[in-house]
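Observations on chain architecture
Here's the letter readout for the chains.
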Amino acid sequence: MTTTVSLNENTEKGYFDFIDSSNIDFIELENGVKEFFPLCYRILKSGIIAPYRTVPFPQNSIEEIIIGPSENNELAVKGLKSLLSSLNFDVEVSSTRTSFRRI
């Protein structure tokens, strides 16, 4: 499965191409206004520098979030539900059935 980002009604770009592409500066929104979404960076727990863009989206565009395997799935689900509730998101949150194994 490939995750895509819709830049407008006719253009889709692969998620990582969108995130990593320095030539995408503006995205045309539904109202025809072009908005600037700069490339930002964050450091992951693993020490890897990861690029990201902060892009607004309608709250109702997320229907469900499934949390991947972790050492404490129950705590991860509770924490995410709390965050989403504080942001007024009505989203189903569950955890994957896949087991977590530390190597």
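1. Regarding the pairing of strand β5 (residues 40–43)
Sheet analysis places β5 next to strand β6 (residues 49–52), joined by four bridges and oriented antiparallel. Paired with Y41 across the strands is P51, a residue of β6.

2. Observations concerning the side chain of N73
By the secondary structure assignment, N73 is in helix α2 (residues 73–86). N73 sits in the buried class, given a relative accessible area of 17%. Dropping the residues within four chain positions of it, N73 is found in contact with G68, S95 and T96.

3. A closer look at α2
Since there are 3.6 residues in each turn of an α-helix, residues three or four apart along the chain are aligned in direction. For α2, built from 14 residues, the straight-helix expectation of 20 Å at 1.5 Å per residue is met to within 8% by its first-to-last C-alpha distance of 20 Å. Listed in full, the buried residues belonging to α2 are N73, V77, L80 and L84. The buried side chains of α2 occupy one side of the element, clustering within an arc of 70° when seen end-on. Among the exposed residues of α2, those oriented more than 90 degrees off its buried face are E74, L75, K78, S85 and S86. Buried-residue contacts for α2 involve β7 (64–67) and β8 (92–95).

4. Structural notes on the nonpolar core
Ranked by size, the top nonpolar core spans seven residues in total: I67, V77, L80, L84, F89, V91 and V93. Here this core gets three residues from one element, more than from any other, and that element is α2.

5. Describing the pattern of salt bridges
Going through the model one piece at a time under the given rule, you end up with one salt bridge. As a salt-bridge pair, K78 and E74 come within 3.4 Å of each other at their nearest N and O atoms. Separated by four residues within a single helix, K78 and E74 lie in helix α2, roughly one turn from each other. Exposure class is identical for K78 and E74. Each is exposed.

6. Re the confidence of the model for the protein
Overall, the prediction assigns the protein a mean pLDDT of 77, with 71% of residues at 70 or greater. Ranking the elements of the protein by mean pLDDT puts strand β1 (residues 4–6) last, at 53, and α2 first, at 93.

7. Let's talk about the pairing of β8
One ladder, built from four bridges, connects β7 with β8; its direction is parallel. From the neighbouring strand, I65 faces β8, where its bridge partner is V93. As a crossover connection, the stretch from β7 through α2 into β8 is right-handed.

Cut-offs and rules
Residues numbered from 1 in each chain as written. Predicted model: local features only at pLDDT ≥ 70, side-chain atom pairs only at ≥ 80, totals over all residues. Heavy atoms only, no water. Pairing = 2+ DSSP bridges. Helix = DSSP H or I, 4+ residues; strand = E, 2+ residues; numbered from the N terminus. Buried < 20%, exposed > 50% of the residue type's maximum accessible area, 1.4 Å probe, protein only. Contact = heavy atoms within 4.5 Å. Expected span 1.5 Å × (residues − 1). Arc of directions from axis to C-beta. Core = buried A, V, L, I, M, F, W, Y, C linked by side-chain atoms within 4.5 Å. Salt bridge = Lys/Arg side-chain N within 4 Å of Asp/Glu carboxyl O. pLDDT = per-residue confidence, 0-100. Right-handed = clockwise from strand over helix to strand, strands pointing away.

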